[in-house]
Amino acid sequence: MKKWRCIPCGFIYDPAAGDPDSGVDPGTSFESLPEDWCCPLCGASKSDFEPVED
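The rules behind these values
Residues numbered from 1 in each chain as written. Predicted model: local features only at pLDDT ≥ 70, side-chain atom pairs only at ≥ 80, totals over all residues. Heavy atoms only, no water. Helix = DSSP H or I, 4+ residues; strand = E, 2+ residues; numbered from the N terminus. Contact = heavy atoms within 4.5 Å. Pairing = 2+ DSSP bridges. Phe/Tyr/Trp six-rings, centres within 6.5 Å; stacked < 30°, edge-to-face > 60°. Buried < 20%, exposed > 50% of the residue type's maximum accessible area, 1.4 Å probe, protein only.

A short note on the side chain of lysine 46
Then, in step 1: With respect to the helices and strands, lysine 46 occurs in the loop between strand 2 (12–13) and strand 3 (49–51).
Then, in step 2: When neighbours within four sequence positions are excluded, lysine 46 is seen to be in contact with Phe30, Glu31, Leu33, Pro34, Glu35 and Trp37.

Below, the structure written as structure tokens:
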């Protein structure tokens, strides 16, 4: 699964790790995150993320 970068702060959402502090289980793709999910570091919305090119 593709990783996603928060444009404002640089946080990388890694689907393999999920976001357990926000109740997102490991293995959850970025597309499957709830629409109201936000960056755990800066609070940016999903629309402020871009895919990370390998």
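What to know about the sheet that holds strand 3
Then, in step 1: Read from one edge of the open sheet, 3 strands run 2-1-3, paired in antiparallel fashion. Each edge of the open sheet carries a strand with a single partner, namely strand 2 and strand 3.
Then, in step 2: Of the pairings in the sheet, the one linking strand 1 (residues 4–6) to strand 2 comprises 2 bridges and is antiparallel in character. Looking at the pairing, tryptophan 4 lines up with tyrosine 13 of strand 2.

Digging into the packing of aromatic side chains
Then, in step 1: For the structure on display, the rule yields 6 aromatic pairs.
Then, in step 2: A centroid spacing of 5.5 Å and a plane angle of 65° characterise the contact between tyrosine 13 and tryptophan 37, whose relative ring orientation is edge-to-face. Residue tyrosine 13 is found in strand 2, and its partner tryptophan 37 is found in the loop between strand 2 and strand 3; the two are separated by 24 residues along the sequence. The two residues tyrosine 13 and tryptophan 37 agree in class, both being buried.
Then, in step 3: A centroid spacing of 5.4 Å and a plane angle of 40° characterise the contact between phenylalanine 30 and phenylalanine 49, whose relative ring orientation is tilted. A residue pair is termed long-range when its members are at least 10 positions apart, and phenylalanine 30 in the loop between strand 2 and strand 3 and phenylalanine 49 in strand 3 qualify at 19 residues.

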